[in-house]
Amino acid sequence: MSTDDTDDRDSTVDAAETRNGSPRDASERRTYSRSERSLARNRMTVMLGGVLLVVLGLAAILTPYVTGVAISLVLGGLLVVGALVHTAAAFSAQGWRGSVFAVFLAILYGFAGVTMLANPTLGLVALTLVLAVYFLAEGVVQLVMGLRLRANENWSWLLASGIVSVLLSSLILLGFPSSADWAVGLLFGVNLLTSGLALVMVGTAAPSAKEVDTTQRVGEPGTGSS
């Protein structure tokens, strides 16, 4: 049989399989990992969660002071709970040193928590200062790493991120303590907004559950190609 006859026969088989809905269709040959299949089945939940985060983020950005006070109150409550936990640990600790350390932590957590609950504005000021110091430390570390990784073609991105962190820290510190009115709430809102948008975009790009259920499971035994 000649080569031309073989090619003609293969073309005829391919055309027949295409007309009959063969697994050679590109959509049927597409394989998905377990993570992709899980995302597809929870696609609407992910998108709704993202929309909720976007709404909360916008609300936080529009009311940064209220958001900051709310965060201060929540953190104060968590510190009080932590104080109770350390108090319970003090009674169950073995040895007096462990008990003393647990009591010290309980007093520290309790004092900080009660102070933030009694005066959330003061707590917000403290949070703003901590945030500024964090951005400054993060920026310095990124600047040093960027300069040390200049052999990497994308080192400038790390350097730029460090510069932004240092500038943001400087902006907060230069306006301190009045910057407490907006810094924590605004940055928290921006974080919620970007996280929500990311979830929405991931959910939008995810395939439907019906589509992935017709394809091969990647890495799972007992499944063959469609």
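Above this note sits the structure.
Please read all numbers here as calculations on a predicted model, not as lab measurements. (Residues numbered from 1 in each chain as written. Predicted model: local features only at pLDDT ≥ 70, side-chain atom pairs only at ≥ 80, totals over all residues. Heavy atoms only, no water.)

This part covers the overall build of the chain. Counting its regular elements, the chain contains 10 helices and zero strands. Listing every helix and strand of the chain by position from the N terminus yields α-α-α-α-α-α-α-α-α-α. Within the chain, buried positions represent 26% of all 226 residues. (Helix = DSSP H or I, 4+ residues; strand = E, 2+ residues; numbered from the N terminus. Buried < 20%, exposed > 50% of the residue type's maximum accessible area, 1.4 Å probe, protein only.)

All right, on to the packing of aromatic side chains then. A full pass over the atoms with the stated rule returns one aromatic pair. Geometrically, the ring pair formed by Tyr 134 and Phe 135 is tilted, given 5.8 Å between the ring centres and 55° between the ring planes. Among the residues examined, Phe 135 registers a relative accessible area of 14% and is labelled buried. (Phe/Tyr/Trp six-rings, centres within 6.5 Å; stacked < 30°, edge-to-face > 60°.)

Turning our attention to unusual backbone geometry. Across the junction of Phe 176 and Pro 177, the peptide omega takes the value 5°, indicating a cis bond. Mapped onto the elements, Pro 177 comes out in the loop between helix H8 (155-174) and helix H9 (183-205).

We now examine helix H4 (residues 43-62). Think of an α-helix as 3.6 residues a turn; residues three or four steps apart then line up on the same face. For H4, built from 20 residues, the straight-helix expectation of 28 Å at 1.5 Å per residue is met to within 8% by its first-to-last C-alpha distance of 29 Å. Among the residues of H4, those classed as buried are Val 46, Met 47, Gly 50, Val 54, Gly 57 and Ala 60. Angular distribution of buried residues about the axis of H4 spans 145°; they occupy a single face of the element. Exposed residues pointing more than 90 degrees away from the buried face of H4 are listed as Met 44, Thr 45, Leu 48, Leu 52 and Leu 62. Buried-residue contacts for H4 involve helix H3 (34-41), helix H5 (64-92) and H9. (Expected span 1.5 Å × (residues − 1). Arc of directions from axis to C-beta. Contact = heavy atoms within 4.5 Å.)

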